[in-house]
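Listed below are the residues making up each chain.
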2 protein chains.
Amino acid sequence: MTKQINVKSTILYGVSMAILLFLLKWLELRFVVFNHLFEIYAGIISIVFMVLGAWLMYHFQQRKQEKENARKEMVAIPELGLSQREMEVLELMSQGFTNQQIADKLFLSIHTIKTHGSNLFVKLDVKNRTQALIRAKELEILE
Amino acid sequence: MTKQINVKSTILYGVSMAILLFLLKWLELRFVVFNHLFEIYAGIISIVFMVLGAWLMYHFQQRKQEKENARKEMVAIPELGLSQREMEVLELMSQGFTNQQIADKLFLSIHTIKTHGSNLFVKLDVKNRTQALIRAKELEILE
DNA sequence: AACACTTTCATACTTTAGTATGAAATTACG
DNA sequence: CGTAATTTCATACTAAAGTATGAAAGTGTT
């Protein structure tokens, strides 16, 4: 789990650096031709990297939130074999979110959420999300 | 509260722009002196604005979270005008029954249950039954 | 390396939930 | 009695939920 995130982060970082280098190289070339347009380039770079920074922070925050939630749930899990993701989905279901909203929050496809949903319904021996919440409360694996 | 945030945002924005302008001016000056250090400046700008972007997004996310929490606590309205039947339907919904099952229990058509459902969702200001249960518990009109 | 488990995504389908609208019968109350 | 609110039912629709099945890739363990 953690490793997967690290891999993703590494790739993300690599891509970012590649873009940066490419940008610098390209700008260097442009610089030779039009060396009086520095401000424009500076502006472009500013915008690009501000967006990049914002994007990175956004995803960082989301992951932080996920981990936060995950930790909350990690406390009391009996022998039901609910995986971490399934717990996360269950948690968000219990907060009244639709499958689509959960998918958006976790950066996943709605198909994936439905899969997790079906699987955890089987494990909880229920037929729908409402019953799942009741069961989860009974088993004290939520709240 | 909201105004205060807006003021903060405005100040923040102003400061950001001031820094940007100052930076550009400063860089312009440097540019005249050392026009062969473009990459360094580009790098600096990149870093500065990536940090700025990240910082802005961080605060944006924080505020979003605050609003989210504020909205949750805003509830507390006991007089909702839920009718008797609507309460019955809500009660059975909270026990995990489907509309069809509720209809069978109350010897009613499933259409009627859906009508009651829709009506009570409006009164509770929610979108679906899961949220209705959450709201009902918040308002302590169940259990 | 082999294996079990998890996670992700997809297609195709069925079922359930929910909305909009209208209407008729019943009940409660001034 | 008349009026408003409740309760019931219906049709027709859209949206969401849930199932079945398969597949690919990553993770962790032995």
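Just so it is clear, the model here is predicted, and its values are computed rather than measured. (Residues numbered from 1 in each chain as written. Chains lettered and ligands numbered in written order. Predicted model: local features only at pLDDT ≥ 70, side-chain atom pairs only at ≥ 80, totals over all residues. Heavy atoms only, no water.)

Asks: I would appreciate a short explanation of the side chain of E86 of chain A in the present structure.
Replies: Residues and elements named next belong to chain A. Inspection of the secondary structure puts E86 in helix α3 (residues 84–94). Residue E86 is classed as buried on the basis of its relative accessible area, which comes to 5%. For E86, the contacting residues outside a window of four places in its chain are G81, H116, N119, L120 and K123. (Helix = DSSP H or I, 4+ residues; strand = E, 2+ residues; numbered from the N terminus. Buried < 20%, exposed > 50% of the residue type's maximum accessible area, 1.4 Å probe, protein only. Contact = heavy atoms within 4.5 Å.)

Asks: How do you make sense of unusual backbone geometry when you look at a structure like this?
Replies: Glycine aside, a negative phi is what most residues show, and trans is what most peptide bonds show. At D125 of chain A, a position not held by glycine, the phi torsion is positive, near 60 degrees. Its place among the elements puts D125 of chain A in the loop between α5 (110–124) and α6 (129–138). The exposure class of D125 of chain A is exposed, given its relative accessible area of 67%. Non-glycine residue F107 of chain B carries a positive phi angle of around 55 degrees. Take F107 of chain B: it is sitting in the loop between α4 (99–106) and α5 (110–124).

Asks: Quick question: what am I supposed to make of the packing of helix α3 (residues 84–94) of chain B against α5 of chain B here?
Replies: Angle between the axes and distance between the axes are the two parameters that describe a pair of packed helices. Residue and element names in this part refer to chain B. Their axes nearest at 9 Å, the elements α3 and α5 cross at an angle of 95 degrees. By the angle between their axes, α3 is roughly perpendicular relative to α5. On α5, the residues touching R85, E86, V89, L90 and M93 of α3 are I113, H116, G117, N119, L120, F121, K123 and L124. Residue composition of the contact of α3 with α5, by class: 7 nonpolar, 3 polar and 3 charged. (Axes fitted to C-alpha atoms, helices over the stretch in contact; angles between N-to-C directions. Parallel < 35°, antiparallel > 145°, perpendicular 65-115°, else oblique. Nonpolar A, V, L, I, M, F, W, Y, C, P; charged D, E, K, R; others polar.)

Asks: It is not clear to me how the protein's contact with DNA strand C should be interpreted in this structure. Could you clarify?
Replies: Lining the immediate environment of DNA strand C, one finds 17 residues, of which S83, R85 and H111 of chain A together with S118 and R129 of chain B sit closest. Counting only atoms of DNA strand C within 4 Å of the protein, the sugar-phosphate share comes to 63%. N99 of chain B is positioned such that a nitrogen or oxygen atom in its backbone is 3.0 Å from a phosphate oxygen of DNA strand C. For the surface near DNA strand C, the secondary structure elements donating two or more residues are α3 and α5 of chain A together with α5 of chain B. Top contributing element to the surface near DNA strand C by residue count: α5 of chain A, with 4 residues. Along the lines of polarity and charge, the residues of the surface near DNA strand C split into 2 nonpolar, 11 polar and 4 charged. (Near = heavy atom within 4 Å. Polar contact = N/O pair within 3.5 Å; in protein donor to acceptor, adjacent residues only side chain to side chain.)

Asks: In this structure, what is going on with the nonpolar core? I would like to understand it.
Replies: Soluble, globular proteins show a tendency: their nonpolar side chains are buried together. Within the largest apolar cluster, 20 residues are counted, with the highest numbers of intra-cluster contacts made by L82, L90, I102, L120, L124 and A132 of chain A. Listed by contribution, the elements that provide at least two residues to this core are α3, α4 (99–105), α5 and α6 of chain A. Of all the elements, α3 of chain A adds the most residues to this core, at 5 residues. Counting residues in hydrophobic clusters, the runner-up holds 18 residues, among them L82, M93, V126 and A136 of chain B. (Core = buried A, V, L, I, M, F, W, Y, C linked by side-chain atoms within 4.5 Å.)

Asks: How should I be thinking about the pattern of salt bridges in this particular structure?
Replies: Once their charged atoms are close, side chains differing in charge can pair, the charge on each being opposite to the other. Residues and elements named next belong to chain A. Scanning all chains against the criterion turns up 6 salt bridges over all chains. A salt bridge links E88 to R85, with the shortest nitrogen-to-oxygen separation between them at 3.1 Å. Taken together, the positions of E88 and R85, both in helix α3 and 3 residues apart, correspond to about one turn of that helix. Residue classification places E88 among the buried residues on the basis of a relative accessible area of 4%. Given the relative accessible area of 22%, R85 is considered partly exposed. (Salt bridge = Lys/Arg side-chain N within 4 Å of Asp/Glu carboxyl O.)

Asks: How should the protein's contact with DNA strand D be read in this particular structure?
Replies: Close contacts around DNA strand D come from 20 residues, with R129 of chain A together with S83, R85, S109 and H111 of chain B the closest. The protein-proximal atoms of DNA strand D, defined as those within 4 Å of the protein, are 66% sugar or phosphate. One of the side-chain nitrogen or oxygen atoms of S118 of chain A is found 2.9 Å away from a phosphate oxygen of DNA strand D. T115 of chain B is positioned such that a nitrogen or oxygen atom in its side chain is 3.4 Å from a base nitrogen of DNA strand D. For the surface near DNA strand D, the secondary structure elements donating two or more residues are α1 (2–33) and α5 of chain A together with α3 and α5 of chain B. It is α5 of chain B that contributes the most residues to the surface near DNA strand D, 4 residues altogether. For the surface near DNA strand D, a count of residues per class yields 3 nonpolar, 12 polar and 5 charged.

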